[in-house]
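Structural overview
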Amino acid sequence: VCLVAIAVIYISPPERVTKGDFDLAKDFGNGVDQLQLSFTNQTERFWKILKNRGSAHLRDNNPSQPLVFLLAAPPPAHAWVDCLATKLAEMLGLKQKRNLAKINGTEAKGYPGDEFKEKMDVYLKEKFEDDHRVAVIHQLELLPPPSALLFYSYCDDQNAPYKHVAIIFTVHLPFEPSLS
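Basis of the calculations
- Residues numbered from 1 in each chain as written.
- Predicted model: local features only at pLDDT ≥ 70, side-chain atom pairs only at ≥ 80, totals over all residues.
- Heavy atoms only, no water.
- Phe/Tyr/Trp six-rings, centres within 6.5 Å; stacked < 30°, edge-to-face > 60°.
- Helix = DSSP H or I, 4+ residues; strand = E, 2+ residues; numbered from the N terminus.
- Buried < 20%, exposed > 50% of the residue type's maximum accessible area, 1.4 Å probe, protein only.
- pLDDT = per-residue confidence, 0-100.
- Contact = heavy atoms within 4.5 Å.
- Core = buried A, V, L, I, M, F, W, Y, C linked by side-chain atoms within 4.5 Å.

1. Topic: the packing of aromatic side chains
Under the criterion given, the structure shown has seven aromatic pairs. Residues phenylalanine 128 and tyrosine 154 carry aromatic rings whose centres are separated by 6.1 Å and whose planes lie at 55° to one another, so their mutual orientation is tilted. With phenylalanine 128 in helix H4 (residues 113-129) and tyrosine 154 in helix H5 (residues 150-154), the pair connects residues that are 26 residues apart, well separated along the chain. Judged by its relative accessible area of 2%, tyrosine 154 is buried. Here phenylalanine 128 and tyrosine 162 contribute two aromatic rings whose centre-to-centre distance is 5.3 Å and whose plane-to-plane angle is 55°, an arrangement assigned as tilted. Placement of the pair is phenylalanine 128 in helix H4 and tyrosine 162 in the loop between H5 and strand E5 (166-172), with a sequence separation of 34 residues. Of the two residues, phenylalanine 128 and tyrosine 162, neither departs from the other in class, the shared state being buried. Among the aromatic side chains, those forming a connected cluster through ring pairs are Phe128, Tyr154 and Tyr162.

And the structure:
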């Protein structure tokens with residue numbers, strides 16, 4: 001059995017938004033429905049959370065906080081969780097890959113934590129100020145301490161500097177969690 005844990009920061013009720021001839025939230029919901037057909041190991045609750053939170057964020061013209069997903073998986077599902085995170089990011093980024101910022105924890109190898117934190121901060125600021133809508137942080141667990149502390153500000157529910165963005169984290173668990 002493949003388990004994926006998900007943590008979501010609650011977002012307040014949104015306003016409905018459409019861009020051009022399409023409804024972003026509806027398109028995202030339809031995309032999640034399609035993903036559900038490909039990734040059948042997850043519960044209905046898992047898909048409902050993804051769909052509801054993502055759609056709500058897209059409907060809001062002026063969100064009060066960023067959309068944040070944390071996806072974790074045991075060893076047999078590491079590639080699966082990375083694929084899911086990328087597909088979600090592409091859907092949230094309006095399928096424009098240029099709107100997708102990526103950081104991989106494996107890139108942090110050899111960097112002191114403070115130096116990598118600064119590098120990530122500069123990169124994310126540049127991308128978000130250039131209207132990128134989504135960031136995917138693969139393998140959060142590999143970031144050297146204290147670099148992951150950077151995300152406290154980016155994911156803050158009240159004072160985040162970029163509230164219109166979505167940030168998706170993946171964590172590769174070292175072993176299969178006990179069902180007890």
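2. Section: the confidence of the model for the protein chain
Looking at the protein chain as a whole, the pLDDT averages 85, with 84% of positions reaching at least 70. Note on residues 7-22: pLDDT is under 50 here. Beyond four places in sequence and across chains, it has 38 contacts.

3. Considering the nonpolar core
If you look at the biggest cluster of nonpolar residues, it comprises 28 residues, and the most contacted ones within it are Trp47, Leu71, Leu84, Leu88, Leu92, Val134 and Ile168. The greatest single-element share of this core, amounting to eight residues, is contributed by helix H3 (residues 78-92). Membership of the second largest hydrophobic core comes to 19 residues, among which are Ala101, Ile103, Phe128 and Ala135.

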